[in-house]
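Examining the three-dimensional arrangement
Here's the letter readout for the chains.
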Amino acid sequence: MSVKFCLLVGVVLLGTTGISAWKINLNESTIKIHMDSTVSVQFNVTDLPATSSSKVEITAESSDTNIATISLPVFRYDKIENGVWKDFINVTGVFLGKAKISVTINHNGEIVRSNESNVIVTRRERVIDIIFTASVAILVSILYINFGCAMDWDLCKKTLRRPVGPVIGFVCQFLFMPLISYVIGYVLFPDYPEMQLGIFFTGISPSGGASNIWTLMLGGNLNLSITMTTLCTIGAFAFIPFWLFTLGKHIFDRGTLKVPYSNIATYAIALVVPLGIGFLLQRKMPRFSKMMVRIMKPFSIILIIFIIIFAIVTNLYLFKLFSWKIILSGLGLPWLGYILGLTMALIFKQPGPDVRAISIETGIQNTGISIFLLRFGLEQPEADLTTVAPVSCAIMTPLPLILLYIIKLILDRRKEKLAASMEKLQNSVPAIKTLS
């Protein structure tokens, strides 16, 4: 519903021709503004007669005051020159989105309305965004060097010779996850194609590097996990365009989106290069390599906590868009992915560590690539608005994994206590026999 801001601005001169002779014009058809910023927009009221006086009400209207608000000037008679009143309205960007504004004059029930101007509210690029991206890239690179030091490269070769696990993960990732994301978007956001795009772009993205961290922490097959991540990232070159130009056409009717091949290539190289460094360290500097392996698990925990906290802080503005549907979509996509991967791995009778790796690999999407696709493939403010879906997924994805990790720690602690008790008991048996 439109909300009007009204202001009785004063007394102006009216003639026998009446208000219908007046013309109001907003000089800018499109107004681009940043959040929490204000711009002045000129408007002209022309053909003002000058023979009699009467009170006139001037109002300004915004189609959505949650996106843009308007403040009106105070009318001054001395601003009328040759029957023309020129002045400015101040438009303030409240939040991301688009709205329409107009100016209306009401005199004794006669209404003259100006043309509508489109207001586009976008977000400023901030230093904290650059810092977050750079710091995560550096920390993830260090972690992948650790992975390279820890990997059993001979086992990776055997995995590729009989690639049952990677094939299961590949099918889950690039066949079922896009379909699941499409259905979630269609069911939860039938009238909001922007949100459908956000969740769909998340579903067609390859598996994320965080899957390797969680596989390590939950006792899965790390070699299989890294192999699957690398293969899925390479496969994204073909499957992201495939889904964009097939199922994606049913969501958006805009022009063809540009697929960022360079970004995907950069990500693939960013995986391979640190792994290669780790491989060299393992071969040439075995002592240093073993030290890197020892710090891998605590470093992984620190990295996960850092990414979650920093991601929330840098994207706080998006929480204004959060609703139960956004939260449900953020939960639904990764959690259904975990269940899908688990089910498929069990159907094909994979070993326990492989089951965990496949399940985690399927459920964790590379939200970085999906955010990149959205922000560089769409115009603003849609580019920022649609990122609420992958951000929601990024926040909700680790929740069940955190719970499983806590359960694993408790069970491991109990096993350690039980083992210690058994050892103590066994040590006491010879002593008893000696005394006897």
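Residues numbered from 1 in each chain as written. Predicted model: local features only at pLDDT ≥ 70, side-chain atom pairs only at ≥ 80, totals over all residues. Heavy atoms only, no water.

On to the overall build of the protein, then. From N to C terminus, the protein includes 15 helices and 11 strands. Residues counted as buried form 47% of the 436 residues belonging to the protein. Sequence separation of at least 24 residues holds for 80% of the intrachain contacts in the protein that already meet a minimum separation of 6. Carbon together with sulfur atoms contributes 65% to the accessible area of the protein, which is approximately 22200 Å² in total. (Helix = DSSP H or I, 4+ residues; strand = E, 2+ residues; numbered from the N terminus. Buried < 20%, exposed > 50% of the residue type's maximum accessible area, 1.4 Å probe, protein only. Contact = heavy atoms within 4.5 Å. Areas by Shrake-Rupley, 256 points an atom, 1.4 Å probe, with all protein chains shown as cover.)

This paragraph deals with the nonpolar core. Within soluble globular proteins, side chains that are nonpolar generally end up buried alongside one another. One finds Leu26, Val45, Ile89, Val91, Ile101 and Val119 to be the most contacted residues of the largest nonpolar core, which totals 55 residues. For this core, the element with the most residues is helix H14 (residues 388-396), which contributes six residues. Apart from the residues within four sequence positions on either side, Leu26 is in contact with Val41, Gln42, Phe43, Ile89, Ile101, Ser102, Val103, Ser114, Asn115 and Ser117. With 19 residues, the next largest nonpolar core counts Ile213, Trp214, Tyr338 and Leu401 among its residues. (Core = buried A, V, L, I, M, F, W, Y, C linked by side-chain atoms within 4.5 Å.)

Turning our attention to the packing of helix H3 (residues 164-188) against helix H11 (residues 352-363). Packed helix pairs are specified by the crossing angle of their axes together with the interaxial distance, meaning the distance between the axes. Where H3 meets H11, the axes come as close as 9 Å, and the angle between the chain directions of the two elements is 25°. Relative to H11, the element H3 is oriented roughly parallel. As H3 packs across H11, the resulting crossing turns out to be right-handed. Counted together, Gly165, Ile168, Cys172, Gln173 and Met177 of H3 and Ile358, Glu361 and Thr362 of H11 form the full contact between these two elements. (Axes fitted to C-alpha atoms, helices over the stretch in contact; angles between N-to-C directions. Parallel < 35°, antiparallel > 145°, perpendicular 65-115°, else oblique. Left-handed = near helix turned anticlockwise from the far one by under 90°.)

Attention shifts here to the environment of Pro190. Residue placement: Pro190 occurs in the loop between H3 and helix H4 (193-203). For the pair Pro190 and Ile251, spaced 61 residues apart in the sequence, the C-alpha separation amounts to 9.9 Å. The contacts of Pro190, once residues within four sequence positions are left out, are Gly185 and Gln196.

Let us look at the pairing of strand S2 (residues 23-26). Burial along S2 is one-sided: Ile24 and Leu26 are buried, while Lys23 and Asn25, pointing the other way, are not. The pairing of S2 with strand S4 (residues 38-46) spans four bridges and is antiparallel. By the bridge assignment, Lys23 is partnered in S4 with Thr46. (Pairing = 2+ DSSP bridges.)

Moving on, we get to the environment of Phe189. Within the element layout of this structure, Phe189 appears in the loop between H3 and H4. The spatial distance from the C-alpha of Phe189 to the C-alpha of Ile326 is 9.1 Å, given a sequence separation of 137 residues. Among all residues touching Phe189, those that are not within four sequence positions of it are Ile184, Met195, Gln196, Lys325, Ile326 and Ser329.

Confidence in the prediction for the protein averages 77 pLDDT; 79% of positions are at 70 or higher. Of all secondary-structure elements in the protein, the lowest mean pLDDT belongs to strand S1 (residues 3-14), at 41, while helix H10 (residues 324-347) reaches the highest, 92. In the predicted structure, residues 1-17 sits below a pLDDT of 50 and forms 61 contacts with residues beyond four places in sequence or in another chain. (pLDDT = per-residue confidence, 0-100.)

As a further point, take H10. Counted at 1.5 Å a residue, the expected span for H10 with its 24 residues is 34 Å, and the 33 Å between its end C-alpha atoms agrees. Once H10 ends, the next one or two residues include Lys349, with phi positive near 55°. (Expected span 1.5 Å × (residues − 1).)

Now for the packing of H10 against H11. Following both chains from N to C, one finds H10 and H11 inclined at 145°, their axes separated by 7 Å at the closest point. The crossing of H10 and H11 is right-handed. Together, Pro334, Gly337, Tyr338, Leu340, Gly341, Leu342, Ala345 and Leu346 of H10 and Val355, Ile358, Ser359, Ile360, Thr362 and Gly363 of H11 make up the contact between the two elements. Across the contact of H10 with H11, the residue classes tally to nine nonpolar, five polar and no charged. (Nonpolar A, V, L, I, M, F, W, Y, C, P; charged D, E, K, R; others polar.)

This part takes up the pattern of salt bridges. Tallied over the full model, the rule gives three salt bridges. Among the ionic pairs, Arg113 bridges to Glu61, the shortest N-O distance being 3.4 Å. In this pair, Arg113 sits in strand S10 (residues 110-113) while Glu61 sits in strand S5 (residues 52-62), placing the two residues 52 residues apart along the sequence. Between Asp412 and Lys408 there is a salt bridge, and its shortest N-O distance comes to 3.0 Å. Within this pair, Asp412 and its partner Lys408 are both found in helix H15 (residues 398-435), separated by four residues, close to a single helical turn. On the basis of relative accessible area, Asp412 is assigned to the partly exposed category, the value being 26%. (Salt bridge = Lys/Arg side-chain N within 4 Å of Asp/Glu carboxyl O.)

A relative accessible area of 12% places Glu61 in the buried class. Among the polar contacts listed, one links the side chain of Glu61 to the side chain of Arg113, at a separation of 3.4 Å. (Polar contact = N/O pair within 3.5 Å; in protein donor to acceptor, adjacent residues only side chain to side chain.)

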